[in-house]
Amino acid sequence: MKKSGMTVVVGALLLAALSVMSDAQEKGAVEKELQVDLKLLQGTWELHHGGKGKPTTRSIKTIVGNRETLTRFSLATGKKIHEHSVEFRVTKSGDIRVMTFFGVGGNPDNGLSYVYKVDEQNFWDIPGLLQGNDYRNYQNEPTIWHWKRVKEPVPDAATAESA
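A. Spotlight on the sheet that holds strand E2 (residues 57-64). Strand order in the closed barrel formed by 8 strands is E1-E2-E3-E4-E5-E6-E7-E8, and the pairing between neighbours is antiparallel. Strand after strand, the sheet turns through a mean of 35° between neighbouring axes, direction not considered. As paired strands, strand E1 (residues 43-49) and strand E8 (residues 145-149) are joined by 2 bridges and run antiparallel to one another. What sits directly across from Trp45, in E8, is Arg149.

B. Fine view of the nonpolar core. In this structure, Leu41, Phe88, Val90, Met99, Tyr116, Val118 and Phe123 are the most contacted members of the largest nonpolar core, which totals 16 residues. Put simply, the parts of the chain that give this core at least two residues each are helix H1 (3-41), E1, strand E4 (80-93) and strand E6 (112-118). Top contributing element to this core by residue count: H1, with 4 residues. Once you skip the residues sitting within four places of it in the chain, Leu41 turns out to touch Ile63, Phe88, Val90, Met99, Val118 and Phe123. Membership of the second largest hydrophobic core comes to 5 residues, among which are Val98, Val115, Ile126 and Leu130.

C. Fine view of the pairing of E1. In this structure, E1 lies alongside E2, joined through 7 bridges in antiparallel fashion. Residue pairing for E2: Leu47 is matched across the bridge by Ser59.

D. Here's a closer look at the packing of aromatic side chains. Within this structure, the stated rule accounts for 4 aromatic pairs. Relative to Tyr114, the ring of Phe101 has its centre 6.2 Å away and its plane inclined at 50°; by these criteria the two rings are tilted. In this pair, Phe101 sits in strand E5 (residues 96-103) while Tyr114 sits in strand E6, placing the two residues 13 residues apart along the sequence. Judged by centre distance (5.5 Å) and plane angle (80°), the ring pair of Tyr114 and Tyr138 falls under edge-to-face. Placement of Tyr114 in strand E6 and of Tyr138 in the loop between strand E7 (122-126) and E8 is noted, with a sequence separation of 24 residues between them. In this structure Tyr114 comes out as buried when scored by relative accessible area, which is 2%. Here Tyr138 falls in the partly exposed class, since its relative accessible area comes to 27%.

E. Structural context of the pattern of salt bridges. In this structure the tally under the stated criterion is 8 salt bridges. In this structure, Lys92 and Glu33 form a salt bridge, with 2.8 Å as the shortest nitrogen-oxygen distance. Of this pair, Lys92 sits in strand E4 while Glu33 sits in helix H1, and the two are 59 residues apart along the sequence. Arg89 is paired through a salt bridge with Asp109; the nearest N and O atoms lie 3.8 Å apart. One end of the pair, Arg89, is in strand E4; the other, Asp109, is in the loop between E5 and E6, with 20 residues separating them in the sequence. Its relative accessible area of 60% is what places Asp109 among the exposed residues. By sharing partners, the salt bridges in this structure join Glu33, Asp37, Lys92 and Arg97 into a single network.

Rules used in this analysis
Residues numbered from 1 in each chain as written. Predicted model: local features only at pLDDT ≥ 70, side-chain atom pairs only at ≥ 80, totals over all residues. Heavy atoms only, no water. Pairing = 2+ DSSP bridges. Helix = DSSP H or I, 4+ residues; strand = E, 2+ residues; numbered from the N terminus. Axes fitted to C-alpha atoms, helices over the stretch in contact; angles between N-to-C directions. Core = buried A, V, L, I, M, F, W, Y, C linked by side-chain atoms within 4.5 Å. Buried < 20%, exposed > 50% of the residue type's maximum accessible area, 1.4 Å probe, protein only. Contact = heavy atoms within 4.5 Å. Phe/Tyr/Trp six-rings, centres within 6.5 Å; stacked < 30°, edge-to-face > 60°. Salt bridge = Lys/Arg side-chain N within 4 Å of Asp/Glu carboxyl O.

Next up, the structure:
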């Protein structure tokens, strides 16, 4: 093989190697972002909703690891009206963060998905935006559900002293 031909082959191999390394670095950065999100999601979240202008339902979402338990209460009576648990995974589609939930022990490919955003105090759940065959929305119309973190109760002085 001529020297110029060898240079082209070596150059192509270097470009391919750099491309693979770049893809691996990008995937690693995305995984780190999603791990930060997963850590932020941990804990208890609250949402008041239902009714026309006046909420009728209090929903509590508790997330531990990749499992979420949703409990709904009547605001009028305080009684529990529903509870279920699901597993979930967080992914990205381009720059968009996506949460997909599915039955405990189930297959994520059969799950329902929505766009989300999370910070220390807020969790936005936005169904109805995803299109195409990769995701299934759990609602057809776009809706913004704004969950707020439930602060852990601060122990009073008597509790703190006995601990």
